[in-house]
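Now for the letters of each chain:
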Amino acid sequence: MKHLSILGSTGSIGTQTLDVVRMHSDSMKVEALSCGRNIDLLEKQIREFHPRIAAVCDESAAADLRVRVADTSTSIFSGMDGLIESVTLPEADIVITGIVGMIGIEPTIAAIRAGKDIALANKETCVCAGHIIMPLAKKMGVRILPVDSEHSAIFQSLMGRADSKIRKILLTASGGPFLGKTKRDLEHVTVKEALSHPTWSMGPKVTIDSASLCNKGLEVMEARWLFDVDVDRIQVLIQPQSLLHSAVEYEDGSVIGQIGPSDMRIPIQFALTYPNHIPSPAEELDFFKAGRMDFLRPDTETFRGLPLAYRAMREGGSMPCIFNAANEWANACFRRGKIHFLEIYDIIEEAMDEHVRIDSPSVEDLLAIRDDINRHFDEKYM
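The rules we used
- Residues numbered from 1 in each chain as written.
- Predicted model: local features only at pLDDT ≥ 70, side-chain atom pairs only at ≥ 80, totals over all residues.
- Heavy atoms only, no water.
- Buried < 20%, exposed > 50% of the residue type's maximum accessible area, 1.4 Å probe, protein only.
- Helix = DSSP H or I, 4+ residues; strand = E, 2+ residues; numbered from the N terminus.
- Pairing = 2+ DSSP bridges.
- 1 Å grid on protein atoms, 1.4 Å probe; cavity = no way out; pocket = protein on both sides within 12 Å on 5 of 7 lines; lining within 4 Å.
- Points joined across faces, edges and corners; volume = space filled by probe spheres on them.
- Axes fitted to C-alpha atoms, helices over the stretch in contact; angles between N-to-C directions.
- Contact = heavy atoms within 4.5 Å.
- Phe/Tyr/Trp six-rings, centres within 6.5 Å; stacked < 30°, edge-to-face > 60°.
- Lys NZ or Arg CZ within 6 Å of the ring centre and 35° of its normal.
- Core = buried A, V, L, I, M, F, W, Y, C linked by side-chain atoms within 4.5 Å.
- Polar contact = N/O pair within 3.5 Å; in protein donor to acceptor, adjacent residues only side chain to side chain.
- Salt bridge = Lys/Arg side-chain N within 4 Å of Asp/Glu carboxyl O.
- Nonpolar A, V, L, I, M, F, W, Y, C, P; charged D, E, K, R; others polar.

1. Brief notes about the pairing of strand S9 (residues 234-238)
Now for step 1: Of all five residues that make up S9, four are buried, and the element is covered over most of its length.
Now for step 2: Where strand S8 (residues 166-173) meets S9, five bridges bridge the pair, whose relative direction is parallel. Its bridge partner lying in S9, Leu170 is registered against Gln235.

2. Details of empty space enclosed by the protein
Now for step 1: Taken as a whole, this structure holds one cavity of 30 Å³ or more when the rule is applied.
Now for step 2: The space that makes up the largest cavity amounts to roughly 60 Å³.
Now for step 3: Every residue along the wall of the largest cavity is listed here: Ser149, Ser152, Ala153, Gln156, Trp200, His245, Gln258, Gly260, Pro261, Asp263, Ile266 and Pro267.
Now for step 4: If you list the elements that add at least two residues to the lining of the largest cavity, you get helix H7 (149-158) and helix H12 (265-273).

3. Observations regarding the sheet that holds strand S10 (residues 244-250)
Remark on secondary structure: sheet strands pair via backbone hydrogen bonds, oriented parallel or antiparallel.
Now for step 1: Reading across from one edge, S9-S8-S10-S11 is the order of the four strands in this open sheet, with mixed pairing throughout. Each having just a single partner strand, S9 and strand S11 (255-259) make up the two edges of the open sheet. Here the average twist between neighbouring strands, direction ignored, is 20°.
Now for step 2: Relative to S10, S8 runs antiparallel, the two being bridged by four bridges. If you follow Ile166 over to S10, its bridge partner there is Tyr250.
Now for step 3: Contacts from H7 reach S8, S10 and S11, with the element oriented near 40° to S10.
Now for step 4: Against the sheet, helix H11 (residues 214-227) engages S8 and S9, with an angle of about 145° to S8.

4. So, the packing of aromatic side chains
Now for step 1: The final tally for this structure, using the stated rule, is nine aromatic pairs.
Now for step 2: Between Phe155 and Tyr274, the aromatic rings sit 5.1 Å apart at their centres with planes inclined by 55°, giving tilted as the arrangement. Of this pair, Phe155 sits in helix H7 while Tyr274 sits in the loop between H12 and helix H13 (287-290), placing them 119 residues apart in sequence.
Now for step 3: On the basis of relative accessibility, which here comes to 25%, the residue Tyr274 falls in the partly exposed class.
Now for step 4: Judged by centre distance (6.2 Å) and plane angle (80°), the ring pair of Phe341 and Tyr345 falls under edge-to-face. In this structure, Phe341 and Tyr345 share a single accessibility class: buried.
Now for step 5: An aromatic cluster of at least three residues, connected via ring pairs, comprises Phe178, Phe334, Phe341 and Tyr345.
Now for step 6: Geometry around Trp225 places Arg224 over its ring, the cationic atom sitting 4.2 Å from the centre.

5. Quick look at the nonpolar core
Note that soluble globular proteins tend to have their nonpolar side chains buried in a common cluster.
Now for step 1: In terms of nonpolar packing, the biggest core is built from 116 residues, with Phe227, Phe323, Phe341, Ile344 and Ile373 touching the most fellow members.
Now for step 2: Setting aside its immediate chain neighbours within four residues, Ile344 contacts Ile208, Cys214, Asn327, Ala330, Phe334 and Ile339.

6. With respect to the sheet that holds strand S6 (residues 117-120)
Now for step 1: Here we have seven strands laid out as an open sheet, ordered S4-S3-S2-S1-S5-S6-S7, and parallel in their pairing. Looking along the sheet, the strands with just one partner apiece sit at the ends: strand S4 (75-78) and strand S7 (144-146). The average angle at which neighbouring strand axes cross in this sheet is 25°, direction not considered.
Now for step 2: Taken together, the six bridges between strand S1 (residues 2-7) and strand S2 (residues 28-34) define a ladder with parallel strand orientation. Bridge pairing in S2 places Ile6 opposite Leu33.

7. Section: the environment of Asp353
Now for step 1: Within the element layout of this structure, Asp353 appears in helix H16 (residues 343-354).
Now for step 2: Of note is the side chain of Asp353, whose polar atom sits 3.1 Å from the side chain of Arg311.

8. A few points about the pattern of salt bridges
Now for step 1: The final tally for this structure, using the stated rule, is 33 salt bridges.
Now for step 2: In this structure, Lys216 engages Glu219 in a salt bridge whose closest nitrogen and oxygen atoms are separated by 2.5 Å. Of this pair, Lys216 and Glu219 both sit in helix H11, three residues apart, which is roughly one turn of the helix. Here the two residues Lys216 and Glu219 agree in accessibility, since each one is buried.
Now for step 3: In this structure, Glu315 and Arg311 form a salt bridge, with 2.9 Å as the shortest nitrogen-oxygen distance. One end of the pair is Glu315 and the other is Arg311, both in helix H14 (residues 305-315) and four residues apart, which spans about a single turn.
Now for step 4: Judged by its relative accessible area of 31%, Glu315 falls in the partly exposed class.
Now for step 5: For Arg311, a relative accessible area of 23% gives the class partly exposed.
Now for step 6: Through salt bridges that share partners, Asp40, Glu43, Arg47, Asp64, Arg68 and Asp71 make up one connected network.

9. As for the side chain of Thr10
Now for step 1: Locating Thr10 in the fold gives a position in the loop between S1 and helix H1 (12-23).
Now for step 2: If we skip the residues at most four places from it in the chain, Thr10 touches Thr15, Ser34, Cys35, Asn38, Leu41, Leu42 and Gln45.

10. Comments concerning the layout of surface pockets
Now for step 1: Each pocket or cavity is described by its volume, and for the second largest pocket that value is around 260 Å³.
Now for step 2: Considering the residues around the second largest pocket, the lining is formed by 16 residues, among which Gln258, Ile266, His277, Ile278 and Ser280 are closest to the centre.
Now for step 3: If you list the elements that add at least two residues to the lining of the second largest pocket, you get S11 and H12.
Now for step 4: Residue composition of the lining of the second largest pocket, by class: six nonpolar, eight polar and two charged.

Distances and angles like these do not, on their own, reveal function.
Here's what the structure looks like:
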């Protein structure tokens, strides 16, 4: 029996995780749930899955939820203390980090210190604090199991490799809704257009990141930490059909990859059932309908988020956090209609150019960087 704590239970990763739990209720039990402000959905989840505790972002939402679920045995917590309470719950043995943004750093570290395995969907934690969480996980004997489809594919492609050495990681990208567009085409694209992803169903922040290829840049940085591979041995391929989810090229020239439907419930479930593949809620892949797989080189002149991410990872230290924090701010600002799509790249580059790099930033340094970035660009654009 797997005992789960789910961070971000009302979001895309969280709701799809609960689909997996429904199918495997005989071997999976939800012990804790958390969300931002969607207490309507969280109340329904509490009544269906009967967790021991649930956490929400602020005390006013928590007070409302306590009244709503007073007839249940679920205890309600709030804020960062609530998130940490939910991930350190003694009864939980694995934490699914489906929360979006740097808010995931502190609870993930707390979960690792409590000895919980991590099903990692919160890539920002790895991007900003990989130098902290990976050594800590090793020290605590905790497994970091990737949930992103690409990193799950790499993880699976590396299984059973014995002493084989890899030449490079092939990290695939769909190209998003703006594949083939030029800078001129992107000057006036709308939020609605950027949210119209051709192959994946994801939350709004990740979908915008996919459109800008900043998401792929974040995934390059995440892969560097997860698989201990130099960033220059990670090659991004555009695979528009989203069938090959990523691959590994070995020194003899052989390539091993993972192919499957564009359904996040597959990598979510594998993180929960590793090393076993068992029936999932996803539909079977029909190769005859799929027909073909194309491979394209990413346009790094137009989609500058990707080369900026490589630069951040090469410079190291606090620079990946700068990239991430600036992107988080710009992404949210674009979704509110305050900036144009191409300004996302300008904001990231400006933040990186002006930053004085910290060699080995602490968690406090990382959170201060985020706050400084938010303050600086709020003053400039708001």
